[in-house]
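The residues making up each chain are set out below.
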Amino acid sequence: MIRYGQQDITQADIDAVVGVLKSVNLTQGANIPKFEWSVMARTGARHAVAVNSATSALHIACLALDLGPGDFLWTTPNTFVATANCALYCGAQVSFVDIDSRTYNLCPRALEEKLIEAERVGRLPKIVAPVHHTGQPCDMEAIHALGEKYGFKILEDASHAIGARYKGEPIGSGRYSDITVFSFHPVKIITTAEGGMALTNNDELATRLGLLRSHGITREPELMTQLMDGPWYYQQVALGYNYRMTDMQAALGVSQVARLAHYVKRRHEIADRYNTLLANLPLTLPWQHPDSYSAYHLYVIRLQLENIGVSHLEIFEALRAKDIMVNLHYIPVHTQPYYQKMGFRDGDYPEAERYYREAISIPMHPALTDADQEFVVEVLREAMEV
Ligand SMILES: *Cc1c(COP(=O)(O)O)cnc(C)c1O
């Protein structure tokens, strides 16, 4: 079976996890700050808060940015549901901005049009959450400029994009956003099994993220609002959660992140090879903006259905029948039943819907061999009957 994405685990990874299991601290040990520091060192962010998933990171990021009832978060419909759900957790509302037809990322022109209308009716968003789909950075300069003009905060969902660069700078640097979130789910670029991280350059946001991760509890005297009773003392100063990452996971993260550059380089080699192998087929290959260096979490092809005699579904099924576990990223969030109940309709975001009817994520991960790639291309060619 060839999967669309999968983890790469080395002996060093295994040794790191076993080392923690033989130690005193299975959680809240030295590996958490070590992992946070190693991600900060690779991104240039001033603060990092490791948590048990990107979904948790998105949730506490929204809370740290004061998102609540009466507020709006806007994101792209072409994302995993978590990017939108995090706003609903906070009692806020969600709306979407359609995608750019070439990058499949949130379209800054569509964003500006929607902002003009929202300003007119007095419903501007508090947060805009761009998603670096497939690992290709969004047009952050344009989104940031609109943020300055219309006064919204920017939460980057960089679940696909650790190791990516925008205008030469690592995603996570925070130059164009308030908080950036990474995911370490096994299909992503590096893994901690489950896990995520929130990065920021803002001291106050970092303090809030740290409190929200663990019950709103602090042991630091300067964060306490009453005098310390004694050395056993802690204080709850906010309502937080238990979103902590374990030390086994953090040790795995430290070991994995050391290979980040290698992984992204390997993903580019695979993408380049697909670009060559697929060049003469009736497909739209992943266009890359010159400002971006993608992390290539995904390699998405789009079928030029007008030039193909068979359907999207048939091609998908033909690949799966040969144990090529292709996937589709993403079903537009606004078409999910839960979102349709909130009043969203098919047709609301036509570009994301058109993308959904044509897109297939073909296998992309560091362990993919040349023979695997050739097999995928051969099965695809046969399935398309061209
Ligand atoms: C994977 C993913 C998430 C959720 O990540 P978890 O770590 O599984 O919570 C959120 N947003 C996007 C775009 C993702 O790809």
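Residues numbered from 1 in each chain as written. Predicted model: local features only at pLDDT ≥ 70, side-chain atom pairs only at ≥ 80, totals over all residues. Heavy atoms only, no water.

**A closer look at the UniProt feature "modified residue: N6-(pyridoxal phosphate)lysine" (unreviewed entry) in the protein chain**
- Within the UniProt annotation, "modified residue: N6-(pyridoxal phosphate)lysine" (unreviewed entry) is assigned to Lys188.
- Within the secondary structure, Lys188 sits in the loop between strand E9 (179–183) and strand E10 (196–200).
- Judged by relative accessible area, Lys188 falls into the buried class, the value being 15%.
- Once residues within four sequence positions are removed from consideration, Lys188 is found in contact with Ser159, His160, Ser183, Arg267 and His297. (UniProt positions renumbered as here; feature names shortened; annotations may be inferred. Helix = DSSP H or I, 4+ residues; strand = E, 2+ residues; numbered from the N terminus. Buried < 20%, exposed > 50% of the residue type's maximum accessible area, 1.4 Å probe, protein only. Contact = heavy atoms within 4.5 Å.)

**Considerations on the UniProt feature "active site" (unreviewed entry) in the protein chain**
- According to UniProt, the "active site" (unreviewed entry) feature falls on Lys188.
- Within the local environment of Lys188, its side chain forms a polar contact with the side chain of Ser183, the two groups lying 3.5 Å apart. (Polar contact = N/O pair within 3.5 Å; in protein donor to acceptor, adjacent residues only side chain to side chain.)

**Some words on the site of the ligand**
- By nearness alone, 15 residues border the ligand, and Thr55, Asp157, His160, Ser183 and Lys188 come closest of all.
- One of the side-chain N or O atoms of Ser159 is found 3.4 Å from a nitrogen atom in the ligand.
- Within the side chain of Ser183, an N or O atom sits 2.8 Å from an oxygen atom of the ligand.
- Surface burial for the ligand is 92%, taken as the share of its 380 Å² of free accessible area covered by protein chains.
- Listed by contribution, the elements that provide at least two residues to the shell around the ligand are helix H3 (54–64) and helix H4 (82–89).
- Broken down by class, the residue content of the shell around the ligand amounts to 5 nonpolar, 8 polar and 2 charged. (Near = heavy atom within 4 Å. Areas by Shrake-Rupley, 256 points an atom, 1.4 Å probe, with all protein chains shown as cover. Nonpolar A, V, L, I, M, F, W, Y, C, P; charged D, E, K, R; others polar.)

**Here's the deal with the environment of Val386**
- Looking at where Val386 falls in the secondary structure, it is placed in the segment after helix H13 (370–384).
- Its relative accessible area of 52% is what places Val386 among the exposed residues.
- Sequence separation between Val386 and Leu281 is 105 residues, and the spatial gap between their C-alpha atoms is 7.7 Å.
- Discounting chain neighbours no more than four positions away, the residues touching Val386 are Leu281, Pro282, Asn307 and Arg381.

**Focus on the sheet that holds strand E13 (residues 283–284)**
- Reading across from one edge, E13-E15-E17 is the order of the 3 strands in this open sheet, with antiparallel pairing throughout. The open sheet terminates on both sides in strands that have one partner only, identified here as E13 and strand E17 (359–362).
- Direction of pairing for strand E15 (residues 299–303) relative to E17: antiparallel, over a ladder of 4 bridges. Note that in E17 the partner of Tyr299 across the bridge is Ile362. (Pairing = 2+ DSSP bridges.)

**Focus: the nonpolar core**
- Residues Leu155, Ile179, Tyr274, Leu278, Tyr299, Ile315 and Ile362 are the most contacted members of the largest nonpolar core, which totals 72 residues.
- Broken down by element, this core gets its largest block of residues, 7 residues, from H3.
- Of the residues that make up this core, three or more belong to each of domain 1 (2–257) and domain 2 (260–384).
- Residues contacting Ile179, with those up to four places away along its chain left out, are Ala61, Ala64, Leu65, Ile154, Leu155, Glu156, Ala198, Leu199, Thr200, Leu205 and Leu209.
- Counting residues in hydrophobic clusters, the runner-up holds 43 residues, among them Met40, Phe72, Phe152 and Phe184. (Core = buried A, V, L, I, M, F, W, Y, C linked by side-chain atoms within 4.5 Å. Domains from an automatic or database assignment.)

**Topic: the packing of helix H1 (residues 11–21) against helix H8 (residues 247–257)**
- The N-to-C vectors of H1 and H8 enclose an angle of 150°; their axes lie 8 Å apart at closest approach. Taken together, H1 and H8 sit at an angle that is classed as roughly antiparallel. Helix-helix and strand crossings are classified by hand; for H1 and H8 the assignment is right-handed. Here H1 contributes Ala12, Asp13, Ala16, Val17, Val20 and Leu21 to the contact with H8, which in turn contributes Asp247, Met248, Ala251, Leu252, Ser255 and Gln256.
- When the residues that make up the contact of H1 with H8 are grouped by side-chain class, the tally is 8 nonpolar, 2 polar and 2 charged. (Axes fitted to C-alpha atoms, helices over the stretch in contact; angles between N-to-C directions. Parallel < 35°, antiparallel > 145°, perpendicular 65-115°, else oblique. Left-handed = near helix turned anticlockwise from the far one by under 90°.)

**Topic: the side chain of Thr200**
- Secondary-structure assignment places Thr200 in strand E10.
- For Thr200, a relative accessible area of 4% puts it in the buried group.
- From its side chain, Thr200 meets the backbone oxygen of Asp178 in a polar contact 2.8 Å long.
- In this structure the side chain of Thr200 is engaged in a polar contact, spanning 3.1 Å, whose partner is the backbone nitrogen of Asn202.
- Ignoring any residue separated from it by four or fewer positions in sequence, one finds Thr200 in contact with Ala45, Arg46, His47, Asp178, Ile179, Leu205, Ala206 and Leu209.

**A look at the pairing of strand E2 (residues 47–51)**
- With 4 of its 5 residues buried, E2 lies for the most part within the structure.
- Relative to E10, E2 runs antiparallel, the two sharing 5 bridges. By the bridge assignment, Val51 is partnered in E10 with Gly196.

**Notes on the packing of aromatic side chains**
- Under the criterion given, the structure shown has 12 aromatic pairs.
- Relative to Tyr339, the ring of Phe96 has its centre 6.0 Å away and its plane inclined at 65°; by these criteria the two rings are edge-to-face. Residue Phe96 is found in strand E4 (residues 93–96), and its partner Tyr339 is found in helix H11 (residues 337–340); the two are separated by 243 residues along the sequence.
- Relative accessible area serves as the criterion here: at 0%, Phe96 is assigned to the buried category.
- On the basis of relative accessible area, Tyr339 is assigned to the buried category, the value being 2%.
- Here the aromatic residues Phe96, Tyr338, Tyr339, Phe344 and Tyr349 are joined through ring pairs into a cluster of three or more.
- Here the basic side chain of Arg102 rests over the ring of Trp287, its NZ or CZ set 3.8 Å away from the ring centre.
- One residue, Lys114, lies across the ring of Trp74, its end atom 5.0 Å from the ring centre. (Phe/Tyr/Trp six-rings, centres within 6.5 Å; stacked < 30°, edge-to-face > 60°. Lys NZ or Arg CZ within 6 Å of the ring centre and 35° of its normal.)

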